[in-house]
Amino acid sequence: MFFLTYIPLLLLVVLLLALVRAHAYRAMPYFFVYAAFAVMADLVRFVVHNHHSIYVATYWITEAAYDILGILVMYEILKSVLTSLSRARWAPLALPVLLIVGIGLSLVHRQAVPPRVTGFYVYIVLGEIAVRFVQVLVFAGLVTLVPLIGLRWRQYPFGVATGFGLYATVMLLTTIKFSDFGTKFKLLWGWTSLVAYSVAVLIWIWFFSVPQKVETTSSELSAPSPGDLKQYKDALRRMR
């Protein structure tokens, strides 16, 4: 049963290979770094899992890093999606506003569900909850803006946001339930988080398994070939 908890690690390795194959490190470098870090973090946790003090330190250090990478990935998604709206005054403020909202919701969440840790760990947990709120808001925003900005659902940013949005939603809901039911819910919470994250990684693998379709704008249209130009000239001569 212990090894079942490392199913996400195997899926993350597959995801990393899919990212390399699709050259996604060019389109979404922050997400590529996130996937590579996730593989490394799980491997280190697996190696030190028998050493309690080392495992605890490793766990919280990697969780803090996940918070930072989570924000960077959200920035990457918003930057990619809102490129067409770069002239809009509110576009550069999107992430700062979402961060403020996420932090506010995290503080409210803390009142409803007090953290089961103390000291500096509390700030890591608050940051993690804030990032999850931001991820849910970004995903909801993309779903709302799809018909307005012409975002294709098979584009990488939408796929990444979908995976994070699903996982963050499940984790926020299960955290509340964990508070309602107490420690009896701990085992179910652990397996729920495992399944939710595995599903999120599967979504990412699926989205990156096929190259994204990018709209070709008029400014990027290729010039006509010499053969096409000759046909145009012949047609013009016949029209004279």
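The structure under discussion appears in the preceding block.
These numbers come from a predicted model, not from an experiment. In every chain, residue numbers begin from 1 and rise along the written sequence. A pLDDT threshold of at least 70 governs which residues receive local features in this predicted model, and a stricter bar of 80 or more applies before side-chain atom pairs are shown or counted, although totals over entire chains, interfaces and linings include all residues. The side-chain quantities take in all heavy atoms of the structure and omit both hydrogens and water.

Chemist: I'd like a description of the overall build of the protein chain, backed by residues and values.
Modeler: Strands are runs of DSSP state E lasting at least 2 residues, helices are runs of H or I lasting at least 4, and numbering of each runs from the N terminus. Helix and strand content of the protein chain: nine helices and zero strands. The N-to-C order of helical and strand elements in the protein chain reads α-α-α-α-α-α-α-α-α. Relative accessibility under 20% of the residue-type maximum defines a buried residue, over 50% an exposed one, and the middle range a partly exposed one, all with a 1.4 Å probe and only protein chains included. Burial status across the protein chain gives 39% buried among its 240 residues. Whether two residues touch is decided by their heavy atoms; if any such pair falls within 4.5 Å, the residues are in contact. Looking at the protein chain alone, contacts between residues at least 24 apart form 73% of all its contacts between residues at least 6 apart. Where accessible areas are quoted, they stem from the Shrake-Rupley method and a 1.4 Å probe; at the residue level, only the protein chains shown are allowed to cover. Of the accessible surface of the protein chain, which amounts to about 14,600 Å², a share of 69% is contributed by carbon and sulfur atoms.

Chemist: I'd like a rundown of the side chain of E63, residues and numbers included.
Modeler: Within the fold, E63 resides in helix α4 (residues 52-81). Apart from residues no more than four positions distant in its own chain, E63 is found in contact with R45, I124 and E128.

Chemist: If you had to explain helix α1 (residues 7-21) to someone new, which residues and values would you point to?
Modeler: Every α-helix carries 3.6 residues per turn, so stepping three or four residues along brings you back to the same face. Taking 1.5 Å per residue, 15 residues should reach 21 Å; α1 reaches 21 Å between its end C-alpha atoms and fits that length. Taken as a whole, α1 has its buried residues at P8, L9, L11, L12, L15, L16, A18 and L19. Directly after α1, the chain includes H23, whose backbone phi takes a positive value near 55 degrees. A helix's residues, less one, multiplied by 1.5 Å, set its expected span.

Chemist: Tell me what's going on with the environment of L82, and back it up with residues and numbers.
Modeler: Considering the arrangement of structural elements, one finds L82 in the loop between α4 and α5 (94-112). Under the relative-accessibility criterion, L82 is labelled buried at 8%. Placed 63 residues apart in sequence, L82 and L145 show a C-alpha to C-alpha distance of 9.9 Å.

Chemist: Please set out the side chain of E128 residue by residue, giving values where relevant.
Modeler: Within the secondary structure, E128 is located in helix α6 (residues 121-149). By relative accessible area, E128 is classed as buried at 16%. If we skip the residues at most four places from it in the chain, E128 touches E63 and D67.

Chemist: A description of the packing of helix α3 (residues 29-47) against α4 should follow, citing residues and the corresponding values.
Modeler: Helix axes are fitted only over the stretch in contact, all axes being lines through C-alpha atoms; the angle between N-to-C directions runs from 0 to 180 degrees. Contact geometry of α3 with α4 gives a least axis separation of 9 Å together with a crossing angle of 170 degrees. As summarised for this structure, α3 and α4 are arranged roughly antiparallel, according to the angle between their axes. From α3, P29, Y30, F31, V33, Y34, F37, A38, A41, D42, V44 and R45 reach across to α4, where they touch Y55, T58, Y59, T62, E63, A65, Y66, L69, L72, V73, Y75 and E76. Three residue categories are used. Nonpolar comprises Ala, Val, Leu, Ile, Met, Phe, Trp, Tyr, Cys and Pro, charged comprises Asp, Glu, Lys and Arg, and polar comprises the others, including Gly. Residue classes in the contact of α3 with α4 are distributed as 17 nonpolar, two polar and four charged. Oblique is the label for every angle not falling under 35 degrees (roughly parallel), over 145 degrees (roughly antiparallel), or within 65 to 115 degrees (roughly perpendicular).

Chemist: If you had to explain the nonpolar core to someone new, which residues and values would you point to?
Modeler: The definition of a nonpolar core used throughout is a set of buried Ala, Val, Leu, Ile, Met, Phe, Trp, Tyr and Cys residues joined through side-chain atoms within 4.5 Å. With 47 residues, the main nonpolar core has L15, F31, I77, W204 and F208 as its most contacted residues. Of all elements in the fold, only α1, α3, α4, α5, α6, α7 (156-181) and α8 (186-209) reach the threshold of two or more residues within this core. The greatest single-element share of this core, amounting to nine residues, is contributed by α8. I77 has contacts with M28, V138, L142, P157, V160 and A161, leaving out every residue within four places of it along the chain. Counting six residues, the second largest nonpolar core, distinct from the first, contains W60, I129, F133 and L172.

Chemist: Break down α3 for me, citing the residues and quoting the values.
Modeler: Across its 19 residues, α3 extends 27 Å between first and last C-alpha, which sits within 8% of the 27 Å expected from 1.5 Å per residue. Along α3, the positions that sit buried rather than exposed are F31, Y34, A35, F37, A38, V39, A41, D42 and R45.

Chemist: Summarise the pattern of salt bridges; cite the residues concerned and give the values.
Modeler: A side-chain nitrogen of Lys or Arg and a carboxyl oxygen of Asp or Glu constitute a salt bridge if their distance falls within 4 Å. The final tally for this structure, using the stated rule, is two salt bridges. The closest approach of N and O atoms between E128 and R132, which form a salt bridge, is 2.6 Å. Taken together, the residues E128 and R132, both in helix α6 and four residues apart, mark about one turn of the helix.

Chemist: With reference to specific residues and values, describe the environment of I129.
Modeler: Relative to the assigned elements, I129 resides in helix α6. Spatially, the C-alpha atom of I129 lies 8.9 Å from that of L107, the residues being 22 residues apart in sequence. Setting aside its immediate chain neighbours within four residues, I129 contacts S106, H109 and L172.

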